[in-house]
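Observations on chain architecture
Take a look at the letters that make up each chain.
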Number of protein chains: 2
Amino acid sequence: MPYFDAASSLPLHPVARQALLASLDEGWADPARLHREGRRARLLLDAAREAAAEAVGCRPDELVFTPSGTRSLHTGIAGALAGRRRAGRALVVSAVEHSAVLHAAEAHEAGGGTVVRVPVDRTGRVDAAAFGAALRESGSPEGGTALACLQSANHEVGTEQPVEEVAGFCAEAGVPLLVDAAQSLAWGPVPGRWSLLAASAHKWGGPGGVGLLAVRKGVRFAPPAPVDERESGRSPGFADLPAIVAAAASLRAVRAEADAEAARLRALVDRVRAEVPALVPDVEVVGDPVRRLPHVVTFSCLYVDGEALLHALDRAGFSVSSGSSCTSSTLIPSHVLRAMGVLSEGNVRVSLPPGTAEADVDAFLAVLPEAVREVRAQLRAPSGAPPAPAAADREAGEAGRAGAADGEDGGPETADPGREAALTVDSRGKRCPIPVIELAKVIDRVPVGGTVLLLADDEAARLDVPAWCEMRGHEYLGAQGHAYRVRRSA
Amino acid sequence: MPYFDAASSLPLHPVARQALLASLDEGWADPARLHREGRRARLLLDAAREAAAEAVGCRPDELVFTPSGTRSLHTGIAGALAGRRRAGRALVVSAVEHSAVLHAAEAHEAGGGTVVRVPVDRTGRVDAAAFGAALRESGSPEGGTALACLQSANHEVGTEQPVEEVAGFCAEAGVPLLVDAAQSLAWGPVPGRWSLLAASAHKWGGPGGVGLLAVRKGVRFAPPAPVDERESGRSPGFADLPAIVAAAASLRAVRAEADAEAARLRALVDRVRAEVPALVPDVEVVGDPVRRLPHVVTFSCLYVDGEALLHALDRAGFSVSSGSSCTSSTLIPSHVLRAMGVLSEGNVRVSLPPGTAEADVDAFLAVLPEAVREVRAQLRAPSGAPPAPAAADREAGEAGRAGAADGEDGGPETADPGREAALTVDSRGKRCPIPVIELAKVIDRVPVGGTVLLLADDEAARLDVPAWCEMRGHEYLGAQGHAYRVRRSA
């Protein structure tokens, strides 16, 4: 049963398992104690720190173990901001960082700091020069930029960020750069003059519950209180030492295989990127096609509920994940897809674990078209063929009144009577992908050049209506509140 | 090789090991994911939560797993204080809480809150009525008491606290009580109407890296930012699920054996308590003799460097811990011993793991006297026999001038010329237990009724000089700064 959610978590690497079992008998004592059990535990901890530091590319005394990548990010960001408080209170991050970074940024804002979110292009990549400009421009009356955060590669779409170039701008500006290396550390060290680095062992086949936080010597750092004497005062509490040993051992092991495995997985992902759009109608493959992680590919399918597709693939034996709003209790699509401005509905992330067989990818490509068809059929969605002449949910006049009552109609278009909506569809109260499906069903009922007004209050519509227009070749005229205007093209 | 530091950390319980191994294959996936690997992980997590909640005595939805007991305390205290901010900003704790509680209290003070530390008696126990009075009196101009913290039993001396009675006072005052149950949870649930509870798996034979935090429904709680969606928003980051499963399974297992094992260990500890003072001269056994943990006994030896004694016992095959200042880089004796006002020098904590054989305790009692003798001999300390007529380090006149230059001499005694020091010993710059050894060496050089002035700047002297006087039957006349005055008795 192929597991294609490696970017979420990996099974324990055989070397991790071996190291874990080997250290259970000696790794339970408190390494801070002076007795022989404590000294043995300390030796294991020191050896694990040396191995991990070598893989990260830092000194052992610059590296601490934390309870997770998330905690590494939380502590790293809070500690660097507090340590640099005199330099300023601005934090510069990319808009597509992991939620742990964005949550830490929100906490900084709640505490009176400022946060600048640098946008990304449609591939999910920040522009290094724009990031550098943000460093310089983010100064507030109280001072300048305290810290910058940039992921090495994006966790949802796999796009690599220009970390080395941004690190150069940071060095010029005298601003420390924290790199979230959670998705890339298995594949190699992070290049460039970064100042702090965070990572998570279960992303490379180590156990859960182990994060890495590196803070270069010379970086001002004041860890958030309360602390204790463990891990240089940067990660309080008694850690799971066998898990730490397993994490360090498996990082070395995956690094030894990384280059060969990356080349192999890259070829498999290239096949998925090329073949999915040919096999499934109305699909958009997202993320940078070249500058990307070797094992991640993400695509979105029109007229598809991501959660339903995930379940269909699960029934067919494939485990994937989805950034569609439909999978989340918040009803808000993935912040990454939003920042990229790409289709969110029917979103699927395929991330291949090391060792994935080509036959498993073949099987996935064989199963995917039927899974998508099945979900679209359940939703009575258009399926590549011209949409059936289904009736709109309401008559134009009725929906028009509803729109007017909301006070959300009008806008720039109203000045031009020729742009008045010929047809209105009220999809309010309906969740993605229904609004886009209803739009697709009625577009052929207006003449070429005519417009449809779609009323939709699902947040995903903000991404998915313009994305649908681009994919289907219609003209997106813009939105006013919950009212979206689309002109039919030929 | 007997390991007698159970209160610090225990080897993995066989059931923990079994549960850990059994869940490695299914416990690696993200329990928040919808695919089959995620669902299996979620089932494991739910089952572990139910088992742990049953042992704690709370509902599963009141219990979250954290990365350590320390993190449980930090989060529990910060979350309860923030949740009750409108009720007040005062925090009431006992003076002998674990350092994780005291560090959290210091962070609260640094943030503008107030902390009341309720003292303990010479056995290390708080007076419940005094704790109740502190709850009512700790109100500040901005409001009342937000939270109270009390350990179920002390980690250094084993004394049980009157948790049930204090919980009653807390309920009367409408103040939530957080119980640090780290040392006692293996032996049984915490009685009384507590509101929050923290514990740590490696204290009962579970793995490191797993803490428990229970927050009763109805307790106002605002976890410190940043958070994520895991563990009810109370413990961010991807956890080590096999370790959590092992923690829950081993808690059930140790509970099944707890009553019988407690009775057995209690008898062994009673022997240690009775026999150590008979076997070793100048020893003080500390902690409540009855209301105590079954497996912990702590004693302090005059004229002994605790770290040296720990190493001597280690060479003899016994692993113990020490709360002496000498073992710590801070040079400050254990805050617990300080709060109790008992001798800190030569402090040894013996904490027996489940299954400790009587023969191991016999062996310890056979080895201890020689180990103490050895350490005392190295320090040329008095050894029960009348002290040798060693020369004082300085003549009285010289040391007297030094004392006067410091401006620290004088005080209440100077009004009575008969109390003028007949002999002055300057032990400044010398670490414990040297000052007390030097005091013991010269006391017989003054006539009965005469006084010795000891100059000592090691913080431990503040505890150890009065403790020495009480143990040797001399009269402690008090201290002024670093000058201690002692009158020789018959």
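Residues numbered from 1 in each chain as written. Chains lettered and ligands numbered in written order. Predicted model: local features only at pLDDT ≥ 70, side-chain atom pairs only at ≥ 80, totals over all residues. Heavy atoms only, no water.

A word on the sheet that holds strand β6 (residues 196–200) of chain B
All names here are of chain B. What the seven strands build is an open sheet, ordered β1-β7-β6-β5-β4-β2-β3; its pairing is mixed. Of all the strands in the sheet, the pair left with one neighbour each is β1 (63–66) and β3 (114–118). Pairwise comparison of adjacent strand axes, ignoring direction, gives a mean angle of 20° for this sheet. Two strands pair when backbone bridges link them, and strand β4 (residues 145–151) and strand β5 (residues 177–180) are joined in this way by four bridges, in the parallel orientation. Note on β5: the bridge partner recorded for Gln151 is Asp180. (Pairing = 2+ DSSP bridges. Helix = DSSP H or I, 4+ residues; strand = E, 2+ residues; numbered from the N terminus. Axes fitted to C-alpha atoms, helices over the stretch in contact; angles between N-to-C directions.)

Brief notes about the interface of chain A and chain B
At the interface, 56 residues of chain A touch 56 residues of chain B. Surface buried jointly by chain A and chain B totals about 4,500 Å² across both partners, of which 57% is contributed by carbon and sulfur atoms. Remark: the boundary between chain A and chain B carries eight salt bridges. Across the salt bridge formed by B:Asp314 and A:Arg36, the nearest N and O atoms sit 3.7 Å from each other. At the surface where chain A touches chain B, the tally comes to 30 residue pairs in polar contact (both at pLDDT 80 or more). The leading source of residues in the side of chain A that touches chain B is helix α8 (residues 306–315) of chain A, at four residues. For the side of chain A that touches chain B, a count of residues per class yields 26 nonpolar, 16 polar and 14 charged. (Contact = heavy atoms within 4.5 Å. Buried area = accessible area lost by both parts, 1.4 Å probe. Salt bridge = Lys/Arg side-chain N within 4 Å of Asp/Glu carboxyl O. Polar contact = N/O pair within 3.5 Å; in protein donor to acceptor, adjacent residues only side chain to side chain. Nonpolar A, V, L, I, M, F, W, Y, C, P; charged D, E, K, R; others polar.)

Things to note about the relation of the copies chain A and chain B
Once chain A is rotated about the relating axis by 180° and shifted along it by 0.0 Å, it coincides with chain B to within an RMSD of 0.0 Å. One copy is carried onto the other by what is essentially a two-fold rotation axis. Using C-alpha coordinates, one finds that chain A approaches the rotation axis most closely at A:Pro67, a distance of 3.0 Å. (Least-squares fit on C-alpha atoms with pLDDT ≥ 70 in both.)

Comments concerning the UniProt feature "domain: UPF0033" (unreviewed entry) in chain A
According to UniProt, the positions carrying the feature "domain: UPF0033" (unreviewed entry) are residues 425–449 of chain A. Across residues 425–449 of chain A, the secondary structure splits into 36% helix and 8% strand, with the terminal C-alpha atoms separated by 17 Å. (UniProt positions renumbered as here; feature names shortened; annotations may be inferred.)

Some details on helix α6 (residues 163–173) of chain B
Residue and element names in this part refer to chain B. Val163, Val166, Ala167 and Cys170 are the residues of α6 that are buried. In an axial view of α6, the angular spread of the buried residues amounts to 105°, which keeps them on one side of the axis. Those residues of α6 that are exposed and angled more than 90 degrees off the buried face are Glu164, Glu165 and Glu172. Where α6 terminates, the next one or two residues include Gly174, which has phi positive at roughly 70°. (Buried < 20%, exposed > 50% of the residue type's maximum accessible area, 1.4 Å probe, protein only. Arc of directions from axis to C-beta.)

Thoughts on the environment of A:Asp180
Residues and elements named next belong to chain A. Structurally, Asp180 is set in strand β5 (residues 177–180). A sequence separation of 83 residues divides Asp180 from Glu97, and the C-alpha atoms of the two residues are 8.1 Å apart. In this view, Asp180 contacts Leu73, Glu97, His98, Leu150, Gln151, Ser152 and Ala198; residues no more than four positions away in its chain are not counted. In this structure the side chain of Asp180 is engaged in a polar contact, spanning 3.0 Å, whose partner is the backbone nitrogen of Ala182.

Looking at the packing of helix α3 (residues 69–83) of chain A against helix α4 (residues 99–110) of chain A
All names here are of chain A. Close contact between α3 and α4 brings their axes to 9 Å; oriented N to C, the two are set at 35°. Judged by the twist between their axes, the crossing of α3 over α4 is right-handed. For the pair α3 and α4, the contacting residues are Thr70, Leu73, His74, Ile77 and Leu81 in the first and Ala100, Val101, Ala104 and His108 in the second. Along the lines of polarity and charge, the residues of the contact of α3 with α4 split into six nonpolar, three polar and no charged. (Left-handed = near helix turned anticlockwise from the far one by under 90°.)

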